[in-house]
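Structure assessment
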Amino acid sequence: MNVMKSAIAITCITLALSACGGGNSADPLDPLEQDVEREEFEENEEENEPTMQEITYPFHAPLTGIGMEESLEEVRPIMFMVENSPAARPQSGLHMADIVYEILAEGEITRFVAVYQSEQPEIIGPIRSIRSYFVELAYEMDTLVVHAGWSQSAMNMLVQRNIQHFDQVYGDDKYYWRSEERYAPHNLYSNIEKIMEGAEDKNYRTSWDDPLDISFTDYKEFLYTDENGTEIRSSIPLEEHIEETSNAVMNEVDTDNTEVEENKEDVGLTDTSTANKITIPYLLGYNVSYEYDAESKLYQRFMNGEAHVDKESEQPLLTKNLIVVEAAHQIVDDVGRRDVDVYGPGKGYIFQEGSEIPLYPGKTWIQFVPLETTLTFE
């Protein structure tokens, strides 16, 4: 996997990502279960020979770029505050979020901000309290917000900006439930269905009034049928997939610039090195790493050296795009609560298959780290 450096603006990323990630939405189109219009890409007369067909979709999910049969342009995303203390692991539903942020909360613990639009997990959580910089993300993305408790600065901002939200601690308990498998406060859960019930009860807006315009690479999607008749959905021809003609890369970005250059020649990509594994050194049991899988062309997440998985399905947490953003962090009270600058300027890294700056269709994980954090590449 190549690591490539460039000078482009992460300001646009924080406007399209941290200013960016459900609602009454359809699940991503599964070509194995639904009828889709398929343009034949490769024919083979032998019954048992592999075949390749191009799949076309009328719409694409705004937050992932993945092909859809129904439009989600007017479906308002929902943002959940998800705990990440050891007692909360493994979490539920993170594997189905379109976009996930991991950001330090008080002390040295991190918290997830998970945004849902294209998929609807049955269980999401454990759910915890909100911080002011999480509110900033929700405000820029125009999401409904789901949390349990708050810091005073976060509540002030929720009120001042008239952000529609659900707070289990103060009045919205009916839209949550407690699991008997864990002790409080690490056992609070909800899901999209309950939040949509709450939105109807509270007359909250479910339409997305200010949709994001995230740039994705123009990938064609294919349905590959192997010699055993197994069908595999892929965003690139399988021959290229196997031969690894597309590599994983890291683009270093600087928010002092004001425009994103999409052509790698224009941004001056230089200095390649390998990065099969990226380690992000949060402290005190929060050592995060991602490992690139050349076959699936996805990054798999690990916590303290162990695969991070979904609690119910045991599916690994995977992402197509991994973004690490250096941001100013400041302790603001004696409890250790922080203020994190989610707007920049600052420096960041985008890890993805290939060499294009726009995101690849798929899920995106965004890691906020303090300034001068040393990442490890292997």
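Whatever comes next refers back to the structure up there.
On a predicted model such as this, the values are computed, not experimentally measured, just so you know.

Here the focus is the overall build of the chain. Helix and strand content of the chain: six helices and 27 strands. Within the chain, buried positions represent 54% of all 378 residues. Within the structure as shown, the chain displays about 16900 Å² of accessible surface, and the carbon and sulfur contribution to it stands at 43%.

Once that is clear, we can look at the pattern of salt bridges. Enumeration according to the criterion identifies 11 salt bridges in this entry. Linking Glu136 and Arg161 is a salt bridge whose minimum nitrogen-to-oxygen distance equals 2.9 Å. With Glu136 in helix α2 (residues 132-141) and Arg161 in the loop between α3 (152-160) and β10 (165-167), the pair connects residues that are 25 residues apart, well separated along the chain. Looking at Glu136, the relative accessible area reads 15%, which means it is buried. With a relative accessible area of 29%, Arg161 lands in the partly exposed category. The salt bridge involving Asp201 is made with Lys174; its shortest N-O contact spans 3.7 Å. Of this pair, Asp201 sits in helix α4 (residues 192-201) while Lys174 sits in the loop between β10 and β11 (177-178), and the two are 27 residues apart along the sequence.

Moving on, we get to the pairing of strand β7 (residues 99-104). Among the six residues in β7, six count as buried, and that is most of the element. Taking every second residue as pointing to the same face, both faces of β7 are buried, with Ile99, Tyr101 and Ile103 on one and Val100, Glu102 and Leu104 on the other. In this sheet, strand β8 (residues 110-116) lies alongside β7 in antiparallel orientation, the contact comprising six bridges. Bridge pairing in β8 places Tyr101 opposite Val113. As consecutive antiparallel partners, β7 and β8 are separated by five residues, and within that stretch Gly107 has a phi angle of approximately 60°, a positive value. In this sheet, strand β26 (residues 364-370) lies alongside β7 in parallel orientation, the contact comprising four bridges. Bridge pairing in β26 places Val100 opposite Trp365.

Since the α-helix advances by 3.6 residues per turn, residues separated by three or four positions end up pointing in the same direction. By the burial criterion, the buried members of α4 are Ile192, Ile195, Met196, Gly198 and Ala199. Buried residues in α4, looked at end-on, bunch into an arc of 155°, giving them a common side. Opposite its buried face, α4 presents the exposed residues Glu193 and Glu200, each directed more than 90 degrees away. Packed against the buried residues of α4 are β6 (78-83), β8, β9 (144-147) and β10. At the N-terminal end of α4, a side-chain oxygen is found 3.3 Å from the backbone nitrogen of Glu193, two or three residues along, and the residue is Asn191. Positive phi appears at Asn203, one or two residues downstream of α4, with a value of about 55°.

So, how was this worked out
- Residues numbered from 1 in each chain as written.
- Predicted model: local features only at pLDDT ≥ 70, side-chain atom pairs only at ≥ 80, totals over all residues.
- Heavy atoms only, no water.
- Helix = DSSP H or I, 4+ residues; strand = E, 2+ residues; numbered from the N terminus.
- Buried < 20%, exposed > 50% of the residue type's maximum accessible area, 1.4 Å probe, protein only.
- Areas by Shrake-Rupley, 256 points an atom, 1.4 Å probe, with all protein chains shown as cover.
- Salt bridge = Lys/Arg side-chain N within 4 Å of Asp/Glu carboxyl O.
- Pairing = 2+ DSSP bridges.
- Arc of directions from axis to C-beta.
- Contact = heavy atoms within 4.5 Å.
- Polar contact = N/O pair within 3.5 Å; in protein donor to acceptor, adjacent residues only side chain to side chain.

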